[in-house]
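Chains, contacts and geometry: an overview
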Amino acid sequence: MKVKPVLFSITIMLAVFAVATQASAWSLEEAAKPYAGTELEVVFLLRPGYEAAEKMIPEFEKKTGIKINIIKHPYENSLSEQVRDFVANGDLDIALIDLVWIGNFAENEWIVPVDKFTKNPDLADPELDLDDFFPLVLNAFGAWNGVVYGLPFDNYSGLMFYNKCMLKEAGFDRPPETWAELKDVYGPKLTKDGKYAFALQSKRNETQSCDSFARVLWPFGGSFLDQNFKSNLLSDGSQTGLKFRQDLMQYMPPGIVSYDHAETINALAQGDVAIITEWSAFYATLTNPETSKIVDCIEVSAEPKGPAGRKPALGGFSLAVASQADEKEQAAAWLFIQWVTSKANAKTYLELGGVPARQSVYKLPGVAEKYGYVNALVESWQEGVPEFRPRFAEWPQMTEIVQEWGTKIMLKEVTTEQGAKEIGSRVEALLKDAGYYDGKKPLAQ
Amino acid sequence: MLKIRHPRLTCLAFIGPAVISLLTIGIGPLAFAVYTSLHRYQLTNLRRTPFLGLENYQTVLSDYVFWEAMGRTMKLLIIVLPIQIIIGIGIALLLHKPGMSVLRTLTRLSLVIPMATTYAVVGLLGQVTFNIKYGVVNQLIGFLGFAPVNWIGDPNNAFIAICFWDIWQWTPFCSLVLLAGLTMVPVEVEEAARLETRNWWTVLRYVQFPFLIPGLTAILILRTADTLKLFDMVFTMTRGGPGSATELISLMIQRVGFRGFDQGLASAQAIILLALTIILSQLYIRFFYREV
């Protein structure tokens, strides 16, 4: 008998066995032991997904001894709060990243790529399974320039919520399939007696840029920028979309330019408006008898299609480890992020009011039946546009320009062409200054 | 003549804390603002902060959006200040009248309530009060038979709403300052004037008004400075919208500096605003202030 091949085979078997036992031996409690007593600071928003996570946190703290300190902010303050903290080398250990901030945070090196932790067997959960995240969501919310920094946490897609009772009264047995149908067929029949067919939240903040302006660009074949990073707002597609929005305003409540999410959700929930396109996260509000008069009438579907297809609004937040945290805090932060976004906890998060980005949870029996928005959400996450809004570092300044002129267009202070020209020239000046046109920065969004 | 000498150290000990506070809270930040206004100071890109000289100031002064915001702010000032002074004088004259002391005391106390309310709360109250569907204002005008008015969502009405709210909040301040001025009028002089004439305007113009001038000058300076930097109430009520209809200069500075993160440009805007405030204050003192 030849000894060497036998010894080699035994060695291989032992190695495989060692890896298998190592993998099955990983537990959060063991991994967290060196970090017990660590306190982590993180900014949370005042939204259902965060409330869901807050309810889960005591279990994490009990298992690990790691304390999570939450600083709550409305969305409008959360970026400036975090930027100030990172610039001043403050206390935040976890970064909450809107998908449009990822370029900014990554280029400033305020966040740590996840592979620092996924390559560490002491910290990486073998069940992490990044492939279980919807690829669009992981790529758009958590990755920049091919590097993954954050795991999707508070995840949205734009969905169409409608009052089926109002539609039925007006003679419709289904929601509109296309934007054109919404305006030309549903609009006139649903707008009467103080009620309106549609409301499009358009307040002069990120709502204007994302919910209103971008929403009418992509489905009509438009976009903010062309492939050379020059303004594309004067293109046929963009102008068609912006003019469409102007026409659609006749079927919206007066003062729509002052409507933010709360006003729009409320308008539907109180039965004043028949159809809205809003974030999936608001399903809980619309199906809660305490906050909605139309619980028995609410239905959900994917956003309408435009000539360029279905391009629903895309938005959401990932959690990433802040680079200003020390090594111990970074490790503890990673354990929390990995746990709260895990496959194992996805169902709990969903049941508590959150919207996980794990594909597996939506395949569980009964989930689609219990949560009426699931089918529309899954469909939307197959078709979304990662660059629905540019995610580069200059977005915070660019969005201010879009917000200002987007609302001026809606108020008819300028035409769509004038507004587009104004936005275009200002954005191009901004991008030129940043170095996109002379090759200093790659054309990544 | 007896000269009293104080040790240098004692003098420094008394004025030192105040000077240090002034330097830390006032002069230091101002100096840093001047520094950032001369540089490209983008919070999201602090690796590059080149010296720009006066380029930020040039950008600000040639930006019509800045002048539009400044125009709106001056328009607010020109509308609300005279109304506050006129109503303030009226209230002060009523409170100065003898008699009904309990009612006068209660009224004086209740005048403090609007001034004591935090700006941000006033703005939130405004959001609720002027709501098109649920607001008190539309309920009241509905009782009079008028259709609901779109206050917050209409550019012109939103501006009227913030004017109204500023007048509501600060007219009591004007009335209390002017009331203090009226109490400075010598009683015998006022009595003699009232014996000469029953005309309240004659008494106000020739007897009481000279004593109101110092108070009026203080009101002009303080209310001008307050209005030029008005932020919280408008931000919570309209956020500068709809569109730019209520974007005052302070909101624009906040937007540029803390949402666009361009601290250099925002500092230049703030320095220009400071210069304007100082010029207006000096003009008020030069043209209005008289010793009694």
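The rules behind each value
Residues numbered from 1 in each chain as written. Chains lettered and ligands numbered in written order. Predicted model: local features only at pLDDT ≥ 70, side-chain atom pairs only at ≥ 80, totals over all residues. Helix = DSSP H or I, 4+ residues; strand = E, 2+ residues; numbered from the N terminus. Rg over C-alpha atoms; globule rule 2.2 N^0.38 Å. Contact = placed C-beta atoms within 7 Å. Axes fitted to C-alpha atoms, helices over the stretch in contact; angles between N-to-C directions. Parallel < 35°, antiparallel > 145°, perpendicular 65-115°, else oblique. Left-handed = near helix turned anticlockwise from the far one by under 90°. Nonpolar A, V, L, I, M, F, W, Y, C, P; charged D, E, K, R; others polar. pLDDT = per-residue confidence, 0-100. Buried ≥ 20, exposed ≤ 12 C-beta atoms within 10 Å, placed from the backbone. Pairing = 2+ DSSP bridges. Domains from an automatic or database assignment.

Counting its secondary structure elements, chain A contains 19 helices and ten strands. Over its C-alpha trace chain A gives a radius of gyration of 24 Å, about what one expects of a compact globule, namely 22 Å for 445 residues. With respect to the three principal axes, the spread of C-alpha positions in chain A is 85 × 55 × 50 Å. For chain A, restricting intrachain contacts to residue pairs at least 6 apart in sequence, the fraction spanning at least 24 positions comes to 74%.

Taken together, the contact pairs 21 residues of chain B with 21 residues of chain A. Looking at the side of chain B that touches chain A, the element that brings in the most residues is helix H12 (residues 249-259) of chain B, giving three residues.

Attention now goes to the packing of helix H11 (residues 236-248) of chain A against helix H19 (residues 416-434) of chain A. Residue and element names in this part refer to chain A. Running from amino to carboxyl end, H11 crosses H19 at an angle of 125°, the nearest separation of the two axes being 10 Å. In terms of their interaxial angle, H11 and H19 are classed as oblique. Along this stretch, H11 crosses H19, giving a crossing that reads as right-handed. Of the residues in H19, those in contact with Ser238, Gln239, Leu242, Lys243 and Gln246 of H11 are Thr416, Glu417 and Ala420. Residue composition of the contact of H11 with H19, by class: two nonpolar, four polar and two charged.

In this section: the confidence of the model for chain B. Averaged over every residue, the pLDDT of chain B is 89; the share at 70 or more is 97%. Both scores are available for the predicted complex, with the pTM at 0.83 and the ipTM at 0.80.

Residues and elements named next belong to chain A. Relative to the helices and strands, Val112 is located in the loop between helix H5 (102-107) and helix H6 (115-118). The buried category is assigned to Val112, around which 21 C-beta atoms lie within 10 Å. Remark: the alpha-carbon pair of Val112 and Val321, spanning 209 residues in sequence, is separated by 5.6 Å. Leave out the neighbours within four places in its chain, and Val112 touches Ala320, Val321, Ser323 and Gln330.

This brings us to the pairing of strand E6 (residues 150-163) of chain A. Residues in a regular strand point their side chains to alternate faces of the sheet. Residue and element names in this part refer to chain A. Of all 14 residues in E6, 14 are buried; the element is thus mostly enclosed. Where E6 and strand E8 (residues 273-279) come together, five bridges link them in antiparallel fashion. Opposite Gly158, over in E8, you have Trp279 as the bridge partner. As paired elements, E6 and strand E9 (residues 298-302) share five bridges and run antiparallel to each other. Bridged to Met160 within E9 is Ser301.

All names here are of chain A. Taken as a whole, chain A is organised into domain 1 (27-156 + 315-383) and domain 2 (157-314 + 386-434). Each of domain 1 and domain 2 was reduced to a C-alpha centroid, and the two centroids are 28 Å apart. Between domain 1 and domain 2, the contact holds 27 residues from the first and 24 residues from the second. Those elements that provide at least two residues to the side of domain 1 that touches domain 2 are helix H3 (48-64), helix H4 (75-87), H5, helix H7 (135-142) and helix H17 (374-383). Among the elements that take part in the side of domain 1 that touches domain 2, H17 stands out by supplying six residues, more than any other. For the side of domain 1 that touches domain 2, the per-class residue count stands at 14 nonpolar, eight polar and five charged.

Residues and elements named next belong to chain B. The geometry of helix H10 (residues 200-228) relative to helix H13 (residues 263-288) is characterised by a closest axis approach of 10 Å and an angle of 165° between their N-to-C directions. As summarised for this structure, H10 and H13 are arranged roughly antiparallel, according to the angle between their axes. You can see that H10 and H13 cross each other, and the crossing is right-handed. The segment H10 lies against H13, with Ile213, Leu216, Thr217, Leu220, Ile221, Thr224, Ala225 and Leu228 engaging Leu273, Thr277, Leu280, Ser281, Tyr284, Ile285 and Phe288. Taken together, the residues that form the contact of H10 with H13 break down as eleven nonpolar, four polar and no charged.

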